[in-house]
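# An overview of the molecular structure
Residue-level listing of the chains:
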Amino acid sequence: MRYFILGLFLCFLIGMTTAQTSKTSIVLIQTSAECNSCKIRLEDKLNYTSGIKYAELDLDDKKLKVKFNTKQITLAEIRKIIAKIGYDADDVKAILEAVKNLPLCCQPGGMDR
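My aim in this report is to walk through the structure given alongside it, one point at a time. (Residues numbered from 1 in each chain as written. Predicted model: local features only at pLDDT ≥ 70, side-chain atom pairs only at ≥ 80, totals over all residues. Heavy atoms only, no water.)

### As for helix α3 (residues 75–85)
Buried within α3 we find Ile78, Arg79, Ile81, Ile82, Ala83 and Ile85. Buried residues belonging to α3 abut β1 (24–30), α2 (36–47), β2 (52–58), β3 (63–69) and α4 (96–100). (Buried < 20%, exposed > 50% of the residue type's maximum accessible area, 1.4 Å probe, protein only. Helix = DSSP H or I, 4+ residues; strand = E, 2+ residues; numbered from the N terminus. Contact = heavy atoms within 4.5 Å.)

### Let's talk about the nonpolar core
Core analysis: the biggest nonpolar cluster contains 22 residues, and Ile29, Leu46, Leu64, Val66, Ile78, Ile82 and Tyr87 have the highest contact counts within it. At the level of secondary structure, the elements contributing two or more residues to this core comprise β1, α2, β2, β3 and α3. With four residues, the top contributor of residues to this core is α3. Sequence-distant contacts of Val66, that is, excluding residues within four places in its chain, are made with Ser25, Ile26, Val27, Ile29, Ile52, Tyr54, Ala55 and Ile78. (Core = buried A, V, L, I, M, F, W, Y, C linked by side-chain atoms within 4.5 Å.)

### Regarding the pattern of salt bridges
Should the charged atoms of two oppositely charged side chains come close, the side chains can pair. In total, this model carries four salt bridges according to the counting rule given. In this structure, the salt-bridge partner of Lys93 is Asp88, at a minimum N-O distance of 3.8 Å. (Salt bridge = Lys/Arg side-chain N within 4 Å of Asp/Glu carboxyl O.)

### Points about the sheet that holds β3
Ordered by their spatial adjacency, three strands build an open sheet running β1-β3-β2, and the pairing between neighbours is antiparallel. The strands lining the two open edges of the sheet, one partner per strand, are β1 and β2. Within the sheet, the average angular offset between the axes of one strand and its neighbour, ignoring direction, is 15 degrees. Bridge count for β1 against β3 is seven bridges, and the pairing is antiparallel. When the bridges of β3 are listed, Leu28 appears paired with Lys65. Contacts from α2 reach β2 and β3 within the one sheet, and its direction differs from that of β2 by about 170 degrees. (Pairing = 2+ DSSP bridges. Axes fitted to C-alpha atoms, helices over the stretch in contact; angles between N-to-C directions.)

Here it is in structure tokens:
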């Protein structure tokens, strides 16, 4: 009986030390993305950013679905990354210099040209 209780206690301790301590969140971010090149550019950058589990852009509504670890990165930081790539992210406007460096099809109104 003593070994059984000791075994249960050890299992409890192991479970407590390996419990997940991360907190994840899923958000939708409205972007100014225009085309498939935009999709690839945004997803490639964000999916290789520490703290982001995945990012997927829906070109129909231009919304970027992002799952991220809130202990590693904030939503504000994600929006800034998107703006530095050259796209609007909700109320955060794209960095003008970054927009100018995008291919013409990816710039605002680029698909209308």
